[in-house]
Amino acid sequence: MPGGTLTIDLDAIAANWRALDRMSGQGVQTAAVVKADAYGLGAARVARALAQAGARRFFVALADEGVALRAALGPGPQICVLAGHMSGDTDMLGDLDLTPMLNSLDQITRHFETLPGRPFGVQLDTGMNRLGMEPAEWQAVAPIVLEARPELLMSHLACADEPGHPMNDAQLAAFHAMTDGTGVPRSLAATGGILLGPDYHFDLTRPGIGLYGGLPFADAAPAVRLSLSVVQTREVAAGETVGYGCTWTAEIPSTIATVAAGYADGLMRGLSNAATLWAGDTPCPVVGRVSMDLITVDVTHLDEVPAELDILGPMQGPDALAAAAGTIGYEVLTALGPRYRRVYAGGRA
Ligand SMILES: *Cc1c(COP(=O)(O)O)cnc(C)c1O
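Residues numbered from 1 in each chain as written. Predicted model: local features only at pLDDT ≥ 70, side-chain atom pairs only at ≥ 80, totals over all residues. Heavy atoms only, no water.

1. Some thoughts on the pattern of salt bridges
To keep things clear, this is the line we draw: When a carboxyl oxygen of Asp or Glu is within 4 Å of a side-chain nitrogen of Lys or Arg, the pair counts as a salt bridge. Only protein chains enter the accessibility calculation, which uses a 1.4 Å probe. A residue is then buried if its area is under 20% of the maximum for its type, exposed if over 50%, and partly exposed in between. Secondary structure follows DSSP: runs of H or I at least 4 residues long count as helices, runs of E at least 2 residues long count as strands, and numbering of each begins at the N terminus.
Counting across every chain of the model gives four salt bridges. We note a salt bridge from Asp-180 to Arg-186, for which the minimum N-O separation is 2.7 Å. Judged by relative accessible area, which is 16%, Arg-186 ranks as buried. Where Arg-339 meets Asp-293, a salt bridge forms, and the shortest distance between an N and an O atom there is 2.8 Å. Linking Arg-339 in the loop between helix H11 (329-335) and strand E19 (341-345) with Asp-293 in the loop between strand E16 (282-285) and strand E17 (295-298), this pair joins segments that are 46 residues apart in sequence. Residue class for Arg-339 comes out partly exposed when judged on its relative accessible area of 46%.

And the structure:
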C-alpha cells in the first residue's frame, strides 16, 4: 500500500495551457516548460496531454531530459534545451533532434563545429546574470550567429512575479536593444511575463508553473491532489507530547492520526507544527515534527477519521502549502517524492 496517492489532472493542465495560450494573444506561439519531470508531475504524461491540447514546442533544462521527452512524444514536436549545448551533449542533440538554446561563445563554437546547420536558439542575458550571452558579447558575435539563422532569441525575467518591479522594464528595454531588427522570433515571457501583458509576449511564450496550477497564475485550475494514508489513530491524554523532540503537547484529550509520508517524500520538515491537512473541507493541523516517513495530525474534531487525509487539493494548492514551509509552490511540486502512487486523471491515453 503506498503512503500517498498523487492524482494529476491532465485535463486541468491542458485547460491551464489553453488559458495561458489565449492570454499570450493571437499570432504568439505558446510553448510548455516540462523541465524537472514537468515540475514533479511526470513529463511523459504531461507533455503528451499538452501536445494533444495543441502545444508544439517544449522546453527542458537538460539534454538528458530532452532524450526522455523525445521518447515520450515521438518525432514532430520541437524540444528546446535551456542549458544549451554542453560538452557531451552533441550526440543526444543531433540524434534526437533537440534544439539547444546556446548560452555562451563556447557553446556557439561547439555547436557550429559539431552540428553545423542543425537548429539552435540563443539565450541572452538581460540582467538576471544566470544564463545567456551578455550584451557586449552578443554584439560582437551577432552578425555571424544571425547568418546561421537561429530559430529563437530568448531571455528570462528575474522579477516577473512582481508586476511593479523596475527590473521588468529594464530587462524589456535590454531585450529590445539586443534583438530589434534581427528578424528572428523572440521569447521573453514565462508564466509571470505572460501576466505582465502583451509588451512582454513577443513571438513565443514559455509558461511552466502556471500549467501546474501555481502562482503567479492565480486563476489556474488546480492540477494536483495528494492524499496521504492514515496508518494508525491514537488517543493522547492532556499533557502528553507527540513526535521527535516533544514539540507539541496536547492541551485536551486528543485524537492523533499518523499518515504515511514525510520529509523523504518532499514534505519538508519546515511543515512541522505549521501545515494543515484536510478531511474533505475540514482542516486538521499537523502537530509535532514531520519525520522521514510519517506526519502526525490532530483529528480530535472529526466525527470519523477517514482512510486518507489530503495535503494538496482544492482546499490547499502548492502555494498555500509552500507558505506554511516558508518556500514557493515550485519547490513543493518539484520535491514530490517517488514513493507516491501517481494516478493520472483525464487526458486521452
Ligand atoms: C523555468 C523556466 C521557465 C518557466 O518558468 P515558470 O515561471 O515556471 O513559468 C521559462 N523559461 C526559463 C528560461 C526557465 O528557466
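2. Considerations on the pairing of strand E6 (residues 98-102)
Stated formally: In this description, strands pair whenever DSSP reports at least two bridges between them. We call a crossover right-handed when, viewed with both strands directed away from the observer, the connection leading from the first strand over the helix to the second proceeds clockwise.
Of all the five residues making up E6, five are buried; the element is thus mostly covered by neighbouring parts of the structure. The alternating pattern of E6 places Leu-98, Pro-100 and Leu-102 on one face and Thr-99 and Met-101 on the opposite face, and all of these are buried. By the bridge criterion, three bridges tie strand E5 (residues 78-81) to E6 in an arrangement that is parallel. Bridging from a neighbouring strand, Val-81 pairs with Pro-100 of E6. Since E5 and E6 lie parallel, the crossover through helix H5 (residues 90-95) that links them has a hand, and here it is right-handed. Alignment of E6 against strand E7 (residues 121-123), held across two bridges, turns out to be parallel. Note that in E7 the partner of Met-101 across the bridge is Gly-121. Where the polypeptide runs from E6 across helix H6 (residues 105-114) and back to E7, its parallel neighbour, the crossover connection is right-handed.

3. Concerning the site of the ligand
To be explicit about the condition: In this text, near means that some heavy atom of the residue lies within 4 Å of the molecule or strand in question. The term polar contact refers here to a pair of N or O atoms within 3.5 Å; inside protein, the definition further demands a hydrogen-donor-capable atom paired with an acceptor-capable atom, and it admits residues adjacent in sequence only when both atoms are side-chain atoms. Amino acids outside the nonpolar list (Ala, Val, Leu, Ile, Met, Phe, Trp, Tyr, Cys, Pro) and the charged list (Asp, Glu, Lys, Arg) are all regarded as polar, and Gly is one of them.
In the vicinity of the ligand there are 15 residues, among which Lys-35, Tyr-39, Thr-191, Ile-209 and Tyr-330 approach most closely. Tyr-39 has a polar side-chain atom sitting 2.5 Å from an oxygen atom of the ligand. Contact between the ligand and Thr-191: an oxygen atom at 2.5 Å from a side-chain N or O atom of the residue. Class assignment of the residues belonging to the shell around the ligand gives a composition of eight nonpolar, four polar and three charged.

4. Structural notes on helix H8 (residues 166-179)
Spelled out, the test is: Helix span, as expected, comes to 1.5 Å for every residue beyond the first. When we speak of the arc, we mean the arc of directions from the helix axis to the C-beta atoms. Contacts are residue-level and defined by heavy atoms, with any inter-residue pair within 4.5 Å sufficient.
Between its terminal C-alpha atoms H8 stretches 20 Å, which fits the 20 Å expected from 14 residues at 1.5 Å a residue. Among the residues of H8, Asn-168, Gln-171, Leu-172, Phe-175, Met-178 and Thr-179 are the ones counted as buried. All buried residues of H8 fall inside an arc of 135° around its axis, so they share one side. Exposed side of H8, more than 90 degrees from the buried face: Pro-166, Asp-169 and Ala-177 are the residues found there. Where H8 is buried, its residues contact helix H7 (135-147), strand E8 (153-154), strand E9 (186-187) and helix H9 (191-196). Looking at the residues trailing H8, positive phi occurs at Gly-181, about 80°.

5. Brief notes about helix H1 (residues 10-24)
Its 15 residues give H1 an end-to-end C-alpha distance of 21 Å, which sits within 8% of 21 Å, the value for a rise of 1.5 Å per residue. Within the sequence span of H1, burial applies to Leu-10, Ala-12, Ile-13, Ala-14, Asn-16, Trp-17, Ala-19, Leu-20 and Ser-24. One side-chain oxygen at the N-terminal end of H1 lies 3.0 Å from the backbone nitrogen of Asp-11; it belongs to Asp-9. Gly-25 occupies a position one or two residues after H1 and carries a positive phi of about 95°.

6. Regarding the nonpolar core
Operational definition: Side-chain atoms within 4.5 Å link the members of a nonpolar core, which is a set of buried Ala, Val, Leu, Ile, Met, Phe, Trp, Tyr and Cys residues. The start and end points of each domain follow an automatic or database-based domain assignment.
By size, the foremost hydrophobic cluster in this structure holds 77 residues, and its most contacted members are Leu-50, Phe-59, Tyr-212, Leu-267 and Leu-309. Top element by residues in this core is H1. It accounts for seven residues. Three or more residues apiece are contributed to this core by two domains, here domain 1 (31-212) and domain 2 (224-345). If we ignore the near neighbours within four places in the chain, the residues touching Leu-309 are Leu-226, Ser-227, Leu-228, Val-230, Ala-257, Val-259, Leu-277, Trp-278, Ala-279, Cys-284, Val-297 and Val-299. If you look at the next biggest cluster of nonpolar residues, it comprises 20 residues, including Ala-142, Met-178, Tyr-200 and Phe-202.

Geometric values such as these leave the question of function open.
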